[in-house]
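A closer look at the structure
Take a look at the letters that make up each chain.
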Amino acid sequence: MTISTSEGYYDLTVPDTQTTKSAFGGKLRLYDVHIAKMFEVTYTECEKFGDGGNREWTYFAGNGNINMGTFFLSCKLVYDIVTAYGLGASKNTPIIYGQEESGPPITRMVSVPTLNLTGGKEQKWINFTKNFKPISR
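Residues numbered from 1 in each chain as written. Predicted model: local features only at pLDDT ≥ 70, side-chain atom pairs only at ≥ 80, totals over all residues. Heavy atoms only, no water.

**Some details on the side chain of Arg55**
With respect to the element layout, Arg55 can be found in strand 3 (residues 54–61). You can call Arg55 buried: its relative accessible area is 5%. Arg55 has contacts with Gly8, Tyr10, Thr42, Glu45, Cys46, Phe49, Phe71, Phe72, Leu73 and Cys75, leaving out every residue within four places of it along the chain. (Helix = DSSP H or I, 4+ residues; strand = E, 2+ residues; numbered from the N terminus. Buried < 20%, exposed > 50% of the residue type's maximum accessible area, 1.4 Å probe, protein only. Contact = heavy atoms within 4.5 Å.)

**Details of the sheet that holds strand 6 (residues 106–115)**
Pairing within the open sheet is mixed, and its 6 strands lie in the order 4-3-2-1-5-6. Strands with a single pairing partner mark the edges of an open sheet, and in this sheet they are strand 4 (66–74) and strand 6. The sheet shows a mean angle of 30 degrees between the axes of neighbouring strands, taken without regard to direction. Inspection of the sheet shows strand 3 paired to strand 4 by 8 bridges, in the antiparallel sense. In the strand pairing of strand 4, Thr58 is matched with Thr70. The strands touched by helix 1 (residues 30–49) within the sheet are strand 1 (2–6), strand 2 (9–13), strand 3, strand 4, strand 5 (87–97) and strand 6, with strand 6 carrying the most contacts at an inclination of about 105 degrees. (Pairing = 2+ DSSP bridges. Axes fitted to C-alpha atoms, helices over the stretch in contact; angles between N-to-C directions.)

And the structure:
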């Protein structure tokens, strides 16, 4: 999984071509895990910048060959999801930050808390992601 950002726009690129396959052998699909990662990183960024802003994510599967759509995440929605599911342990996540004219992109390891999607919350999250539609494809 590769996460990159520049000026409030984010890309999530995964090698998987079959995003409906089970993730880690459980109920959650790879798609569900990918959407969760968008929420987790957005939560971290909203906390870091203390804004009530929005983040726009473009999700690519198949190493960038399959455009899964562009998703709009507001900090408010992300905070609502965190309140509903809670947070688990943080994971160091590499994020590539674009620098525009000031230099080449730099990769930073960011401590990103994970959504707590265990203990019977899996089906609730699956239902959410099935209804969380991209704003464009």
